[in-house]
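Read off the chains here:
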Amino acid sequence: MADTKDDVAIRRKLRRRKIRRRRLAIGFIFFLILSVAVFAVLSLTVLFPIKHVTASGSKIYSNAEILKASKVTKEDNLFTLTTGELEKRLRKKLPFVDTVTITRTLPDTIHIKVKDAKEYACYNVSGNYFTVSDKNIVLQKYSELPKNVFEIRSDGIKLKIGKQAVFEDETKKALANEVIEKLKNANIKINRIDVTDIYNITARVESRFDVTFGTKENIDKKISHLSGMIKNIDNSRTGKINLSMWTSSDSQGTFKESRLE
């Protein structure tokens, strides 16, 4: 049976209603997205300025020193201030800042929690000693070798307190890190390593032995051999160990007893 005029009119009315509902839904979604976007922009600009700052965690610096060095102002936003930016600010004045954690509390408060860096090693440059953290951040300058850290010798190192130590030759940096890691893995106490000459790597270990490794070739096996030699040399003896001639086909190391200078 053919549709009547009334049926056609009803279908048209329903179609127009669906179209209107669809347009309203699209308009609502667009408005919602726009509102969220506007709120996000305001949150990162006008809204949530930082008004209250607290600090804790350091045994080296007072909370007041941390707050002063942070230079947090009302121009900083609760959500845009990053830990990376805050670490940079703090280390300019407080080099022993190792890590920073920010806790945000709406609407306007942040808490800065600091973890102190520890002196891990030191670089000997022109008779001065610069201690660094295990992240290679320069911490402090000394005129004498500080206790409880091992010494790294190399040329071409740029040192600025609060910044990472920079090697002009990345090969020497990688070499120093490799030797340190392998000695530590072998449970050999490091007093000093010297990578100034990459073809004549030397070290002082266990406060008893001056070791010549020669080149980095077979360095892991040389260190393994060194570990065995140390175990077999009486604890009262000191001297020089030479592993520069060590090869996989002719493994040898020599020990010459002497007093350490």
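Preceding this paragraph is the structure being described.
Here's a quick rundown of the structure. (Residues numbered from 1 in each chain as written. Predicted model: local features only at pLDDT ≥ 70, side-chain atom pairs only at ≥ 80, totals over all residues. Heavy atoms only, no water.)

Here we look at the environment of K135
The criterion, for reference: Put simply, DSSP marks the helices as runs of H or I at least four residues long and the strands as runs of E at least two long, and each gets a number from the N terminus on. For every residue, the accessible area (1.4 Å probe, protein chains only) is compared with the maximum for its type, and the residue is labelled buried under 20%, exposed over 50%, or partly exposed between those bounds.
As for its position among the elements, K135 is in the loop between strand 5 (128–132) and strand 6 (138–142). With relative accessibility at 37%, the residue K135 sits in the partly exposed group.

Side note on the sheet that holds strand 2 (residues 97–105)
Definition in use: Criterion used throughout: strands pair if DSSP finds at least two bridges between them. Only the stretch in contact is used when a helix axis is fitted, and all axes are lines through C-alpha atoms; the angle between N-to-C directions ranges over 0 to 180 degrees. Note on contacts: a residue pair qualifies if any of its non-hydrogen atoms lie within 4.5 Å across the two residues.
Strand order in the open sheet formed by 3 strands is 1-3-2, and the pairing between neighbours is mixed. Single-partner strands in this sheet number two, and they are strand 1 (52–56) and strand 2. In this sheet, adjacent strand axes meet at a mean angle of 20° when their direction is disregarded. Two elements, strand 2 and strand 3 (residues 109–116), share 8 bridges in a ladder whose sense is antiparallel. Its bridge partner being in strand 3, I102 is matched across the sheet by I112. Against the sheet, helix 2 (residues 63–70) touches strand 1 and strand 3, its axis set at about 130° to strand 1. Running over the sheet, helix 3 (residues 83–93) touches strand 2 and strand 3 and is turned about 130° from strand 2.

Some points on the pattern of salt bridges
What counts is decided by this rule: Salt-bridge detection follows one rule: a side-chain nitrogen of Lys or Arg within 4 Å of a carboxyl oxygen of Asp or Glu.
Under the definition given, this model contains 10 salt bridges. The salt bridge involving E87 is made with R91; its shortest N-O contact spans 3.7 Å. Of this pair, E87 and R91 both sit in helix 3, separated by 4 residues, roughly a single helical turn. Overall, the relative accessible area of 18% leaves E87 in the buried class. One salt bridge connects R192 with D210, and the closest N-O pair in it is separated by 3.8 Å. With R192 in strand 10 (residues 190–194) and D210 in strand 12 (residues 209–214), this residue pair connects regions lying 18 residues apart in the sequence. For the pair R192 and D210, one class covers both residues: buried. Ionic contacts of the salt-bridge type, sharing partners, join the residues D76, E85 and R89 into one network.

Focus on the pairing of strand 12
The line we're drawing: A clockwise path from the first strand over the helix to the second, with the strands pointing away from the viewer, defines a right-handed crossover.
Burial of strand 12 is extensive: 5 of the 6 residues sit out of reach of the surface. The pairing of strand 11 (residues 201–205) with strand 12 spans 5 bridges and is antiparallel. Each residue of the ladder has a partner; that of I201, found in strand 12, is G214. Remark: 3 residues form the turn of the hairpin made by strand 11 and strand 12, two consecutive strands paired antiparallel; E206 in that turn has positive phi of roughly 55°. In this view, the connection linking strand 12 to its parallel neighbour strand 13 (residues 239–242) by way of helix 5 (residues 219–232) has left-handed handedness.

Purely geometric stuff here, so don't read any function into it on its own.
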